Amino acid sequence: MKKIAFVVDSSSGIKKNEIENVFVVDSYVNCEKNKQHQSYRDGVDINDKQLLNLFKDKSNNISTSQPPFGEILTLIEQINTQYDEIYAFPIPEKLSSSINTWKTIAMDFENLFVYDTYMIGEFLKRFIIDLKKQVDNNTFSKEKLEQEIQERKNKWCAFLIVPNVDQLVKGGRISNFKSLLIKLLNLKLIIKFNYEGLNFYDKASNLKDLMNKIENGFNESIDLKNHEIYESIIFSSTIDKSKFDNEELNNEIIKNFNLKDTVKTTIPSLIMAHIGPYYSAIYIRIK
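What you see is a predicted model; the values in this text were computed from it and never measured. (Residues numbered from 1 in each chain as written. Predicted model: local features only at pLDDT ≥ 70, side-chain atom pairs only at ≥ 80, totals over all residues. Heavy atoms only, no water.)

Participant: Break down unusual backbone geometry for me, citing the residues and quoting the values.
Facilitator: Positive phi, normally seen in glycine, also occurs at Asn 21, with a value near 65°. For Asn 21, the position within the fold is in the loop between strand S1 (4-9) and strand S2 (22-25). For Asp 261, which is not glycine, the phi dihedral falls at a positive 55°. On the secondary structure map, Asp 261 appears in the loop between helix H9 (246-256) and strand S12 (263-265). The exposure class of Asp 261 is exposed, given its relative accessible area of 76%. (Helix = DSSP H or I, 4+ residues; strand = E, 2+ residues; numbered from the N terminus. Buried < 20%, exposed > 50% of the residue type's maximum accessible area, 1.4 Å probe, protein only.)

Participant: A description of the environment of Ile 14 should follow, citing residues and the corresponding values.
Facilitator: For Ile 14, the position within the fold is in the loop between S1 and S2. When the C-alpha positions of Ile 14 and Lys 170 are compared, they lie 27 Å apart, and in sequence the two are 156 residues distant.

Participant: Tell me about empty space enclosed by the protein, residues and numbers included.
Facilitator: Vacant regions in the atomic arrangement are exposed by a probe of water-molecule size rolled over the atoms. Summed over all chains, the structure comprises one cavity of 30 Å³ or more. Volume-wise, the largest cavity comes out at about 170 Å³. Surrounding the largest cavity, 16 residues form its lining, Ile 120, Leu 160, Phe 193, Ile 267 and Ala 281 being those nearest its centre. For the lining of the largest cavity, the elements supplying multiple residues, two or more each, are helix H4 (121-136), strand S8 (156-162), strand S9 (188-194) and helix H10 (269-275). Broken down by element, the residue count for the lining of the largest cavity peaks at three residues, all from S8. Grouping the constituent residues of the lining of the largest cavity by class yields 15 nonpolar, one polar and no charged. (1 Å grid on protein atoms, 1.4 Å probe; cavity = no way out; pocket = protein on both sides within 12 Å on 5 of 7 lines; lining within 4 Å. Points joined across faces, edges and corners; volume = space filled by probe spheres on them. Nonpolar A, V, L, I, M, F, W, Y, C, P; charged D, E, K, R; others polar.)

Participant: For the layout of surface pockets, give the residues involved together with the corresponding values.
Facilitator: Here the largest pocket is characterised by a volume of approximately 380 Å³. Lining the largest pocket are 18 residues, and of these Leu 95, Arg 173, Leu 198, Ile 271 and His 274 lie nearest its centre. Put simply, the parts of the chain that give the lining of the largest pocket at least two residues each are strand S5 (61-65), strand S10 (197-204) and H10. Ranked by residue count, the leading element in the lining of the largest pocket is H10, at four residues. Its residues assigned to classes, the lining of the largest pocket shows nine nonpolar, seven polar and two charged.

Participant: Describe in detail the packing of helix H8 (residues 207-222) against H9, supporting the description with residues and values.
Facilitator: How two helices pack is summed up by the angle between their axes together with the distance between the axes. Across the interface, H8 lies against H9 with an axial gap of 11 Å and an inter-helix angle of 45°. Overall, the two elements H8 and H9 adopt an arrangement that is oblique. Every pair of crossing elements has a handedness; the one defined by H8 and H9 is right-handed. In this structure, H8 uses Leu 207, Leu 210, Met 211 and Glu 215 to contact H9, whose residues at the interface are Glu 248, Leu 249, Glu 252, Ile 253 and Asn 256. Residues belonging to the contact of H8 with H9 are distributed by class as follows: five nonpolar, one polar and three charged. (Axes fitted to C-alpha atoms, helices over the stretch in contact; angles between N-to-C directions. Parallel < 35°, antiparallel > 145°, perpendicular 65-115°, else oblique. Left-handed = near helix turned anticlockwise from the far one by under 90°. Contact = heavy atoms within 4.5 Å.)

These figures come from the coordinates and say nothing about function on their own.
Below you can see the structure in the form of structure tokens.
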């Protein structure tokens, strides 16, 4: 039986030594204040709660950086001789250019294969766990993996609800004018995430409007009205419930889509650093 390893970065939400034969390369969360710069290894030096604390100080400028070439190379060199095949799943290409670094390194290792799964966070973690089960049951193959990535990408979609766009403005992902409009009209921004990446989808003025637009989005993307739900995950976080209480929103999402056994968690710090501390998101995969 082949010895197989999987490698991810911290956009997966997987911690080091959490899953046997799954290795994690650290991305970095950076904080700059008064010309003082501090870098934290995501998931090692900083976690979700600590990042939320950094956001409380509005003078902190928070950004991220991908795993350095040397750190990726060092890890692959360390495990290369221990495994027959190594499969790497970095942050999706639509979110970062990091995958090009991985592909460059793979040119020097015949047993290293790099794939864009299009996934992040808890749903990537679940995918890795499924692959691990296949390895343990001796049913895993490179061909089966490639087929599964292609089949899955059209069966899931996620919508991110952002009521406070300050961090998106800081990162240059939304204009000051659009931000001003959203604040004046008290709108919530809706961002769609699927295999095509993160894209601004719509905006909503109230909870009913929000639910209608998200439902339409799921029907457009994965034809949800004609399929059963295989799995669902709610991601949410806030540092001040007086500014954004996401419990009501999350409960309405569960009720509206009749979700059962829904997992509640947070988006990895690497992603939160870009969208800010106020958000809710719903991920659904159909059968």
